[in-house]
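Structure assessment
If you want the building blocks of each chain, they are given just below.
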Amino acid sequence: MVEFGFPAFLVLSAFLFACGLTCLATKRNAIGILMGVELILNAANLNFVAAARFVPTFRLEGQVFAVLVIVLAAAEAAVALAIFLNFYNNHATVNVENATDLKG
Amino acid sequence: MLDSLLDSTERETDLVWLSVLTFLPILCAAGLMVIPGRFKEWMRWWSLLGACATLTVAACTLIDYHRLLDSHSDRTTRSLYHPANRLDHRADQAAYDAAQAVPKPFSSFNMFTRRAWNERFDINYSLGVDGVSLALILLTALVTLCALVASWKIDQQLRGYLAMILILESGVIGAFLAVDLFLFYVFYELMLFPMYFLIGIWGGGRRKYAAVKFVIYTLFGSVCLLAAIITLYSVDVRDFVPKPAGDLRTEEVHTFDSVTLSRVGRAVMLVLSGQEERIGVQTVAHGQLVPTMPDDTNATVPLLAPGADREAAIARLKAATICTPTFQYILFALLFVGFAVKVPIFPLHSWLPDAHVEAPTPVSMILAGVLLKLGGYGLFRFAFPLAPWAASELCWYVGLIGAISIVYGAIVAMGQTDFKKLLAYSSVSHMGYVVLGLATWSAGARAEYWEMGVDGAIFQMLAHGITASALFFVVGMVYERAHHRDLNRLGGLMEPMPAFGGASAILFFASLGLPGLCGFVGEFLVILSAWNFSYALAIPAILTTVLTAAYLLWTWQRVYFGTNPDTAQFAEMTPRESSVLLTFAALAVALGVLPGFLIFQWMEPSIQGWVDALVRVRG
Amino acid sequence: MLEFFAEHPGRLYVAATLLPLVPAVLILLIGTVRNLTRPYADVPGIAGWLYARLNHPRVELAGAWLSIGVMGLVSFIAVYGFTTLLYEHYLPRLSGEPIAPWNLDDTRLWNVNADGGQIDWIRFGSTPVPDAELDIIKAHSIHLGYWIEIDTTVMFAMVAVVGTMIYVFSLGYMRNELKSTTIDETLQHARRGRFGRFYLYLNLFVIAMFNLIIADNLLQVFISWELVGVCSYFLISYYYERREAGWAANKAFIANRIGDVGFLIAIAISWSTCNTFMIGALGAEMPWHGALEPLFSPTMRTLLGLGLFLGCVGKSAQFPLQVWLPDAMAGPTPVSALIHAATMVAAGVYLVARCYPLFTPDALLVIAYTGCITLLIGGTVACVQTDIKKVLAYSTVSQLGYMMLALGVGGWAAGVFHLLTHAFFKALLFLGAGSVIHGLHHEQDLRKMGGLRRKMPVTAWTMFIGVLAISGFPLLSGWYSKEAILTAAATFGVAAPSHVVLAVVPFLVAGLTAFYMFRLWFLTFAGEPRDRHVYDHAHESPLVMTIPLIILAMFSIAVGWGWPAWEPEASFLYELLNHQHWPSSHFWDDPQDPLLNAATLLHEYHLLLELIAGAIGLFGFAVAYWRYVLRTPRFHATNTEPRGFLGQAWYFDAVYDACLRKPTQNLAVFTAAFDKQSSDHGAPRSLDGLLNGIGQLAANTGRGLRGIQNGQVRGYVTILGLTVVGLLGMLAVLTR
């Protein structure tokens, strides 16, 4: 089995992060934005896990943080989806450009 | 601070006394909060009581100050003129006493107090009295008292209104007393917010515009001031502050203390004008710093703290950034602009007409009578002493700005049809004399002329404080009866209101500088001094006396002379109104007839000391 | 008490100056209290009670009588001071050497420097200076003091006596001010009487005037100078419900202020060069007074003199500032007599006389020419006026011109002498005119008068004495002083032939003087009544008005007398003044004094000069008699309002209006618009708008940047991403 080094994981993570960021920047659909956020979070997660594998002093912390981020992503998705559902109920769309009710 | 009152070594009467003078109005404002809202008359009387008490404390301070001046009299100077009485000497002495290995107890008798407020940033709570600040404090207390009497008719949100006026008074008195630059800045800004609300809530039709404009202009000045203060804080003053014997002065020291910084400024002036050999070290005899006597012809100017290494200090000073012409020019420009906005000078005056026109009468009185004086006071207390080299280089241009303000204000005033606006522009013109008087820096044997000019400038501030507040009150009275201020529709007031006409005649003529009334003394001294300084600046100032007479008499004619069916039934002034107006009229006469006895006697020593200190380093 | 004054006789004059303050303060207090309690007149209580007590003609009359009493006392002091000084110091020396008036160490004078009566008004500096030491090197104090000389005492006595007469006369003239009237019948505008106020202003005026006379320094003169000006302002605008009164008062004050610019410059010069305002000390700095190293440069000397003279031009209504005096006749007639004829307008002449050594020959020449132009303007314009007071006003302008001319050509004593005699007969003429106006119920138009000598004989014949005196009829006071002036002018003309016009014009205008004065008298008193209605209601004035007229007439006759009376140079007063005078050769660099030579030459021909002057005066009288007595009936029909060059007073008013007043007002309006416009939002059309524009710039920038902050996360994320890429790129480039 080929042993990829730490940099490979970092590059992969950066790629995932860039994908997520592009998704955030281009999507108007709220669900799409949510997916972009998930991508970014997972990019971070990948880094944590890779660090836990390759950096000796980070062995435990990396894993703990990865778990924490997963939990956080779940919670965030739950709240965000709840907001979007309500928004859809009111506006019959999930296009974020229409979410201007609270704008000053 | 309170526990220090109980400690016998820390106890200091001056601290209590000056703090009471500063904070008494704010305490009264706090007391207002306790009075239930329906007792409006009680609130008025309570705040009136507070203002009276402040005036009383100020008057007692004057007596105490006279005692202080008298305490050093000896035959070497004219009585009351001993240099040990100067504020900067008292401050230096206090610093010296505190810096001893075993600090001396604080003196209760020097009308100066200094306590650490924030030691991390070297901020001190230091208050001090000298003749100039005391004169202006008395004016503040008096004008505020009169303004409170004048605001008897105000009913809307009375509690807030009275509290704002009292807070304003505290801020102004604090600014006049503060010796520490940071403390001064705090008080200076403390005045801003009550003024904003007073114009913005109780003002006329365009009050919000005027209030915002006032705040923005003043803040512009404050920003310049803040920049200057921070710049000054960056200066290393280790050789200028007293240290316990044996201290090697290896650490940098920074300070906000204006007295110390003014000594730095004078040292820089000596270096920049190539006279660095004249920088000397303060000497001590019997535990007292030795003051420079006025007739002392010794070339050395003692500026460094006792025990400082003179050679090393001069070397350090010359290496510092502060000791460059650019730095000094920028510093002076910042300080000058900061205060000049408040004076105000052309072209930064345009907040003044708006603020005056929209402000209610009592606020206009305070604005014209007191707040403008802070500008002149700041120039006197901070701008000139902190950057003396640049000031002496630029003083002709400063005088030019003053002369332009004099002429411009008068001409624009002549073109007005709104009574209040006219008075606002006349304030620009009259305050121009203050700037001109301060700027007539003549050196050497002609130094007395500068002294006269500064005397005139400060007296002009007092006189303008009286006449301008009184005339704004006159406008307020007319407005209350006629409900407009259009000069072309007024007229014929003399017949229904003869006593009012008589009192306002005194004030009109005091304002146009009639001899025997207060406006003349200041203008005259400034003109004499300006003539000695530069004909080009004196002649516009002299010619403007004609313009001033023209616009004020024209106004007088349009308001009081002739017949007018609209005004024929106006009521003569009430006892409340006459108490304000007659007080001002009596003061205008008294200060005009006996300026020397009433004012200069105790105010002039401070000005003489100020001029003496600056002229000594001019070379 | 008496020792206090005996020790320093000058203190008497200070006390006399301050005495009228007592009635002034009392009247002011009572008036203020009365006005403040008026709203409570019908309310029971102490205020209403006070008002009822104070609002009574008796109270006002008491104030007037108190003022008259005080003035009487002042007159007594003044006459006492004059005679004492005369007997103690002058008479014993009248035959000896002239007294040098500028010798500061001379203890014979009641000089403040000799008796140390100065008060420091403001002190400067910390140097201890012994009070007695006069130190003019360091400017250490501004002081007030007095300086009494013979001309001071004479002037003081004149003001006190004339003042007393006018105070008494006003009791009658101002009597209708005791009650309220209605000024506008249609509007039913009530007008309360202003009797007390009149005496208040008069009292304040005499205080300032006395202070001006005794002052020993220029600043004190200036202070009183402006104070008499402001009293004059309030008295001109006494009938302030009339529109023209307000304008006239403003005009007077502003014209005076223009003069005061010069005065202030002179004061500034004297202070910054000599550190003193003392007239005597300044004189000591002049090269012709023996100052070895004069502090002044010649230009500064001339400038000092011209500045002072500009002040006098304003106050004494000289060309080109003479325009205010005729308008000032809007005030009550006793005021015109006291302020605008006898005393205040003469203050300019007095100041030139008192500061005489401060004027360089160049400055004196300017003074002479100004006086010459002024007397010509006044004399010509007076010939066509139809208002009785306007004739007298222009006559005053002309006579003041005579005095200035005399001073300018070196006739110091002649100028001061004419000032004194003129004060008496011009006060008489004005009071006579007042009596006529009073008798005709405020009719001032000469065209409606005529034949009044039958109705008001006392007024007519006392005025006739005044007319004779001013025209220079022999043995009356005016004759002596006018002869002195004409001689001085002729002397100057002979000594300096290039300035011969200065000698010719006064002779010619002497004829004009006789013409316009007799014209005035004939039109008023001679011939037949031209307006029946006015004539029928005319009546002679009460005793309280005619007695001052008689007393003043006696003064007008006798004040110039000496022995032998037919010699104009034998006049006692003139001799006294001449004795105080220093030799005029101080003003000429040439040791062969041409003035002295001319004087000796002219002395041979002085009878001829008198004859010429007399003939010219007689001719003026004859023309007046022919035109206004022999041809009276045609006057009423042909003469309408004065028009043309003379009627418009040489068009001075029109020119000033077009060249000074209008441009200044336009400039003011323009500058006001430049400063701030009420309607400039957006476009900066004024200074205020420009500054607001800078503020708007910040607001606009903010408004522009607000578009970026649109709340769309996408936009933020894009910017965030791009920024990160940019920063990383920078890092990469920089760390390479």
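Just so it is clear, the model here is predicted, and its values are computed rather than measured.

Reading guide: rules and limits
Residues numbered from 1 in each chain as written. Chains lettered and ligands numbered in written order. Predicted model: local features only at pLDDT ≥ 70, side-chain atom pairs only at ≥ 80, totals over all residues. Helix = DSSP H or I, 4+ residues; strand = E, 2+ residues; numbered from the N terminus. Rg over C-alpha atoms; globule rule 2.2 N^0.38 Å. Contact = placed C-beta atoms within 7 Å. Axes fitted to C-alpha atoms, helices over the stretch in contact; angles between N-to-C directions. Parallel < 35°, antiparallel > 145°, perpendicular 65-115°, else oblique. Left-handed = near helix turned anticlockwise from the far one by under 90°. Nonpolar A, V, L, I, M, F, W, Y, C, P; charged D, E, K, R; others polar. Expected span 1.5 Å × (residues − 1). Buried ≥ 20, exposed ≤ 12 C-beta atoms within 10 Å, placed from the backbone. pLDDT = per-residue confidence, 0-100. Core = buried A, V, L, I, M, F, W, Y, C linked by C-beta atoms within 7 Å.

This brings us to the overall build of chain B. Along its length, chain B carries 22 helices and six strands. Over its C-alpha atoms chain B spans a radius of gyration of 24 Å, differing by no more than 12% from the 25 Å that the globule rule assigns to 619 residues. Taken along its principal axes, the extent of the C-alpha atoms in chain B is 85 × 60 × 45 Å. Taking all contacts inside chain B whose residues are at least 6 apart in sequence as the whole, residues at least 24 apart take part in 77%.

A few words on the overall build of chain C. Secondary structure assignment for chain C yields 31 helices and six strands. Of all intrachain contacts in chain C linking residues separated by at least 6 positions in sequence, the fraction that spans at least 24 positions is 77%.

Residue and element names in this part refer to chain B. The interhelical angle for the contact between helix 14 (residues 361-386) and helix 17 (residues 447-482), taken along N-to-C directions, is 165°, at an axis separation of 7 Å. Considered as vectors, helix 14 and helix 17 are oriented roughly antiparallel to each other. In this structure, helix 14 meets helix 17 at a crossing whose hand is right-handed. Across the interface between the two elements, Thr361, Ser364, Met365, Ala368, Gly369, Val370, Lys373, Gly376 and Phe380 from helix 14 touch Ala457, Ile458, Met461, Gly465, Ala468, Ser469, Phe472, Phe473 and Gly476 from helix 17. Residue classes in the contact of helix 14 with helix 17 are distributed as 10 nonpolar, seven polar and one charged.

Turning next to the interface of chain C and chain A. With seven residues of chain C at the contact, the number on the chain A side is five residues. For the side of chain C that touches chain A, the per-class residue count stands at two nonpolar, four polar and one charged.

With that settled, the discussion passes to the arrangement of the chains. Contact analysis covers two pairs of chains in contact, and the most contacts occur between chains B and C. Looking at chain A next to chain B, you find no contact at all, with the nearest C-alpha pair sitting 22 Å apart.

Here the focus is helix 3 (residues 40-71) of chain B. Residues and elements named next belong to chain B. In a regular helix each residue adds 1.5 Å, so 32 residues correspond to 46 Å; helix 3 covers 47 Å between its end C-alpha atoms and thus fits that length. Those residues of helix 3 that fall on the buried side of the exposure criterion are Met43, Ser47, Gly50, Ala51, Thr54, Ala58, Thr61, Tyr65, Leu68 and Leu69. Check the buried side of helix 3 and you find it contacts helix 2 (13-34), helix 5 (131-150), helix 6 (158-177) and helix 22 (595-616).

Residue and element names in this part refer to chain C. For the pair helix 17 (residues 388-408) and helix 20 (residues 477-495), interaxial distance at closest approach is 9 Å and the crossing angle is 45°. The angle between helix 17 and helix 20 places the two elements in the oblique class. Regarding helix 17 and helix 20, the two cross each other, and that crossing is left-handed. Mapping the contact onto sequence places Tyr402, Leu405 and Ala406 in helix 17 and Ile485, Ala488 and Ala489 in helix 20.

With that out of the way, let us pick up the interface of chain B and chain C. Contacts between chain B and chain C engage 55 residues on the former and 53 residues on the latter. Secondary structure elements with two or more residues in the side of chain B that touches chain C: helix 15 (388-414), helix 17, helix 18 (498-511), helix 19 (518-533), helix 20 (535-560) and helix 22 of chain B. For the side of chain B that touches chain C, the element with the most residues is helix 20 of chain B, which contributes 10 residues. Residues belonging to the side of chain B that touches chain C are distributed by class as follows: 33 nonpolar, 14 polar and eight charged.

Residues and elements named next belong to chain C. When the pLDDT values of chain C are averaged, the result is 84; 87% of them are 70 or greater. Low pLDDT, under 50, characterises residues 100-115; the stretch is placed with 34 contacts to residues that sit more than four places away or in other chains. Contacts of residues 130-137 to residues separated by more than four positions or lying in other chains number nine contacts, the stretch itself having pLDDT below 50. The ipTM assigned to the predicted complex is 0.93, against a pTM of 0.91.

Now for helix 9 (residues 218-236) of chain C. Its 19 residues place the ends of helix 9 of chain C 26 Å apart at the C-alpha level, agreeing with the 27 Å of an ideal helix rising 1.5 Å per residue. Within helix 9 of chain C, 19 of the 19 residues are buried, which leaves it mostly tucked inside the rest of the structure.

Moving on: the nonpolar core. Note on soluble globular proteins: their nonpolar side chains tend to be buried together. Counting residues in each nonpolar core, the largest one holds 472 residues, and the members touching the most others are Leu335 of chain B together with Ala427 of chain C. Looking at which element gives the most residues to this core, the answer is helix 17 of chain B, with 21 residues. The residues touching alanine 427 of chain C, leaving out its near neighbours within four places in the chain, are Val162, Met165, Ile166, Ala337, Ala341, Ala342 and Leu552 of chain C. Listed in part, the 10 residues of the second largest apolar core include Leu21, Leu24, Ala30 and Ala43 of chain A.

Residue proline 347 of chain B follows phenylalanine 346 of chain B across a cis peptide bond; omega there is 0°. When you line up the elements, proline 347 of chain B lands in the loop between helix 12 (325-340) and helix 13 (351-358). Cis geometry marks the peptide bond from phenylalanine 319 of chain C to proline 320 of chain C; its omega dihedral reads 5°. Within the secondary structure layout, proline 320 of chain C lies in the loop between helix 12 (298-315) and helix 13 (324-327). Even without glycine at this site, histidine 286 of chain B takes up a positive phi of about 55°. Within the secondary structure, histidine 286 of chain B is located in the loop between strand 4 (284-285) and strand 5 (288-289). One non-glycine residue, tyrosine 651 of chain C, lies in positive phi territory at about 60°. Position of tyrosine 651 of chain C relative to the elements: it lies in the loop between helix 28 (644-647) and helix 29 (652-675). Its 14 C-beta neighbours within 10 Å are what place tyrosine 651 of chain C among the partly exposed residues.

To continue, consider the environment of isoleucine 694 of chain C. Residue and element names in this part refer to chain C. You can see isoleucine 694 is positioned in helix 30 (residues 687-706). Overall, isoleucine 694 belongs to the exposed group, with 10 C-beta atoms counted inside 10 Å. Considered as a pair, isoleucine 694 and valine 713 are 19 residues apart in the sequence and their alpha carbons are 33 Å apart.

What follows deals with the environment of arginine 197 of chain C. Residues and elements named next belong to chain C. Topologically, arginine 197 is positioned in helix 8 (residues 195-214). Residue classification places arginine 197 among the buried residues on the basis of 21 C-beta atoms within 10 Å. Taking C-alpha positions, arginine 197 is 9.9 Å from glycine 63, a pair spaced 134 residues apart along the chain.

This part is about the environment of alanine 346 of chain C. Residue and element names in this part refer to chain C. If you trace the backbone, alanine 346 turns up in helix 15 (residues 344-354). Each C-alpha atom, one on alanine 346 and one on leucine 419, is 6.7 Å from the other, the two residues being 73 residues apart in sequence. Setting aside residues no more than four positions away along its own chain, alanine 346 makes contact with Ser316, Leu419 and Ala423.

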